[in-house]
Amino acid sequence: MTAWIADGAWWPDTVFRAAILTLPALLAGCDGGDSHAHAAEPGTPPAPYEPPAPTENRARALVETALQVDLATQQAAATVSIAPSQQPGISFDIGALEIASVTSALGTLRFRQQEGRLDIGVPATEEPFEIVIDYRFEAQDDFNGWMPETGVSFLWPGFCGNLFPCRDAPAAGQRYRLNVTGVPEGKTAIYPQRIPAAAPGYMPALALGDYMALALGTTSDGTEVKLWYLPGEAEQAISGTAYLTPSMDFFEQTYGPYAFGDVVGSVSVRWGQGRFGGMEHHPFWHVASEAIGSPEIHAHEAAHGWFGNGVRIACWEDFVLSEGTASYLAARALSPQGIDLWPDYECRLQRVCGDERINTVARPAGCNAIELRDHPLWSDVPYMKGAFFLKQVAELVGADTLDDSLSSFYRERFGTAARMENLVEHLRSAFPSESLRIDAIANGWLYQRACPSVPDQGCR
Ligand SMILES: [Zn+2]
């Protein structure tokens, strides 16, 4: 059994550390009420702690989740640090998990499960409060959780609750720690031991296989870039990742520091025939073995470290903020390396614009009113219309100047969730003399269905 170790010692003091609650903090969750009625006689021993009733509280943020996952038994423990709150209770999305127990430094906590939601009775606190949820997860086979047959986890867009108690909304960010046991003899488990910056629920990921690791290089900021590939893939995987270290370097130097670790890389995953692409599981993003030779996919998944993860999307309707920007950034990073993605993007745009069954508005109205996996927006539309929106702004203000503005947006919004219109407004403010034209470009590419322009070139 081999479990690949991402960085130095982990599982330090914070994990399984009992929550320390000051008495005033604890009392903040109690009813102050009629103090006379509850006044204890001198010398009376304190009443035993009565755990609060389970209460729904989805507004209370999660700070960090440390997952201890046993693949052999499918038993797991989530040690969750929850944010201070004046309101008691905490709620999680739990999909098909079987919850065994919930405990804290105060003892056993009361909980209830209903309709894929777990409500736990925790007091209001003035400090972060730590709980431990012991549970069992089911194996999945439809790209909706841990898939032992395929050897990968797949939690996007809203399936984190099939692997651990989480929040499945894209805006919900928290840090993660992972430790995986029960790895079959001879297999290697690839996963980050830490995700040190706030990330959405679909970020934690695991891949199991006969992996070989290759160090690709180090960026000027000192980020080590690696590749994990499977037997028979060496040639394709190495040629596909030949541009990855300079691309990471370009992103760091152009848009700002990388936040998800000192070691990053592409992990080949056998998603199966016809499943081309990747998934932005930073710092070890997944690339389908069918796409392992594509420099674009490696650069695109790396770019999500800045847009999609570094800056999260506020709603699924803002998918274009993640995918359009990552597509544009991949083209920016590969261009100085002699790879021009735009002819291929033009053909993809042409296909999108010319097919009434595919074409949609890139940024539909609403917030989380759609189920992305079953919605027409889950198409190439946000990728291509979003990329061409930024390309046209670049033609207006200059690509380097636009990069500066994307960088300031990333730095201002890092660790938070943003809407696509926040980026449009940021660009309007950055280029006030062009704000009307930027509005027109945004309206054309993002808010109407018809494409403002369709490339006229021969595409296969
Ligand atoms: Zn993407």
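Everything quoted here is computed from the prediction, not taken from an experiment.

**Some thoughts on the overall build of the protein chain**
Now for step 1: Within the protein chain, the regular secondary structure consists of eleven helices and 23 strands.
Now for step 2: Taking 23 Å as the expected radius of gyration for a compact globule of 460 residues, we find that the protein chain reaches 24 Å, a close match to that expectation.
Now for step 3: Principal-axis analysis of the C-alpha atoms places the extent of the protein chain at approximately 85 × 55 × 45 Å.
Now for step 4: Every one of the 460 residues in the protein chain was classed for burial, and the buried ones make up 47%.
Now for step 5: Relative to all contacts within the protein chain whose residues are 6 or more apart in sequence, the contacts with residues 24 or more apart total 68%.

**Some details on the domain arrangement of the protein chain**
Now for step 1: According to the domain assignment, the protein chain contains domain 1 (2-26 + 50-195), domain 2 (210-305) and domain 3 (314-447).
Now for step 2: Distance between the C-alpha centres of domain 1 and domain 2: 27 Å.
Now for step 3: Breaking the side of domain 1 that touches domain 2 down by element, the ones donating at least two residues are strand S13 (188-190) and strand S14 (194-199).
Now for step 4: Residue composition of the side of domain 1 that touches domain 2, grouped by class: seven nonpolar, three polar and three charged.

**Here we look at the sheet that holds S14**
Now for step 1: As summarised here, the arrangement of the seven strands in space is S6-S5-S9-S3-S2-S12-S14, forming an open sheet in which the pairing is mixed. Lying at the two open borders of the sheet, with one neighbouring strand each, are strand S6 (107-108) and S14.
Now for step 2: Both strand S2 (residues 62-70) and strand S3 (residues 75-82) contribute to a ladder of eight bridges, which runs antiparallel. If you follow Gln-68 over to S3, its bridge partner there is Ala-77.

**Let's talk about the sheet that holds strand S22 (residues 311-313)**
Now for step 1: Spatially, three strands are ordered S21-S22-S23 in an open sheet, and the strand pairing comes out parallel. At either end of the open sheet lies a strand with only one pairing partner, and these are strand S21 (307-308) and strand S23 (417-418).
Now for step 2: In terms of strand pairing, S22 meets S23 through two bridges, oriented parallel. Pairing of Ile-313 across the sheet is with Ala-418, part of S23.

**Description of the packing of helix H10 (residues 420-430) against helix H11 (residues 435-447)**
Now for step 1: Running from N to C, H10 and H11 cross one another at 155°; their axes reach a closest spacing of 9 Å. Between H10 and H11, the crossing angle belongs to the class labelled roughly antiparallel. When you trace H10 past H11, the crossing you get is right-handed. Residue-level contacts link Met-420, Val-424, Leu-427 and Arg-428 of H10 to Ser-435, Ile-438, Asp-439, Ala-442 and Leu-446 of H11.

**A short note on the nonpolar core**
Now for step 1: The biggest cluster of nonpolar side chains holds 129 residues, and the ones touching the most others in it are Ile-131, Phe-251, Ala-303, Leu-329 and Ala-330.
Now for step 2: For this core, the leading source of residues is helix H6 (residues 319-334), giving ten residues.
Now for step 3: Those residues in contact with Ala-330 that sit more than four places away from it in its chain are Glu-296, Ala-299, His-300, Ala-303 and Leu-341.

**Re the pairing of strand S12 (residues 174-181)**
Now for step 1: Judged from the seven bridges that link them, S2 and S12 form a sheet pairing that is parallel. Bridge pairing in S12 links Leu-67 to Leu-178.
Now for step 2: When S12 meets S14, the two strands line up antiparallel, connected through three bridges. Bridge pairing links Arg-177 to Arg-194 in S14.

**A word on helix H7 (residues 342-353)**
Now for step 1: Over its twelve residues, H7 runs 16 Å from end to end, which matches the ideal 16 Å to within 8%, given 1.5 Å per residue.
Now for step 2: Among the residues making up H7, those that are buried are Tyr-345, Arg-348, Leu-349, Val-352 and Cys-353. Along the axis of H7, the buried positions cluster into a sector of 130°, meaning they face one direction only.
Now for step 3: Along its buried surface, H7 packs onto H6 and helix H8 (381-397).

**Structural notes on the confidence of the model for the protein chain**
Now for step 1: When pLDDT is averaged along the protein chain, the result is 91, and 90% of the positions lie at 70 or above.
Now for step 2: Contacts from residues 1-40, a stretch scored under 50 in pLDDT, to residues over four places away or in other chains number 52 contacts.

**Focus on the environment of Gly-444**
Now for step 1: For Gly-444, the position within the fold is in helix H11.
Now for step 2: Among the residues examined, Gly-444 registers 17 C-beta atoms within 10 Å and is labelled partly exposed.
Now for step 3: Once the C-alpha coordinates of Gly-444 and Tyr-255 are considered, the two residues, 189 residues apart in sequence, prove to be 26 Å apart.

**Structural notes on the environment of Leu-329**
Now for step 1: Mapped onto the elements of the fold, Leu-329 is located in helix H6.
Now for step 2: Not counting chain neighbours up to four residues away, the residues in contact with Leu-329 comprise Phe-251, Ala-303, Trp-306 and Phe-307.

**A look at H6**
Now for step 1: In this model, H6 (16 residues) spans 23 Å end to end at C-alpha, consistent with the 22 Å of a helix rising 1.5 Å per residue.
Now for step 2: A large share of H6 lies buried, amounting to 16 of its 16 residues.

About the criteria used
- Residues numbered from 1 in each chain as written.
- Predicted model: local features only at pLDDT ≥ 70, side-chain atom pairs only at ≥ 80, totals over all residues.
- Helix = DSSP H or I, 4+ residues; strand = E, 2+ residues; numbered from the N terminus.
- Rg over C-alpha atoms; globule rule 2.2 N^0.38 Å.
- Buried ≥ 20, exposed ≤ 12 C-beta atoms within 10 Å, placed from the backbone.
- Contact = placed C-beta atoms within 7 Å.
- Domains from an automatic or database assignment.
- Nonpolar A, V, L, I, M, F, W, Y, C, P; charged D, E, K, R; others polar.
- Pairing = 2+ DSSP bridges.
- Axes fitted to C-alpha atoms, helices over the stretch in contact; angles between N-to-C directions.
- Parallel < 35°, antiparallel > 145°, perpendicular 65-115°, else oblique.
- Left-handed = near helix turned anticlockwise from the far one by under 90°.
- Core = buried A, V, L, I, M, F, W, Y, C linked by C-beta atoms within 7 Å.
- Expected span 1.5 Å × (residues − 1).
- Arc of directions from axis to C-beta.
- pLDDT = per-residue confidence, 0-100.

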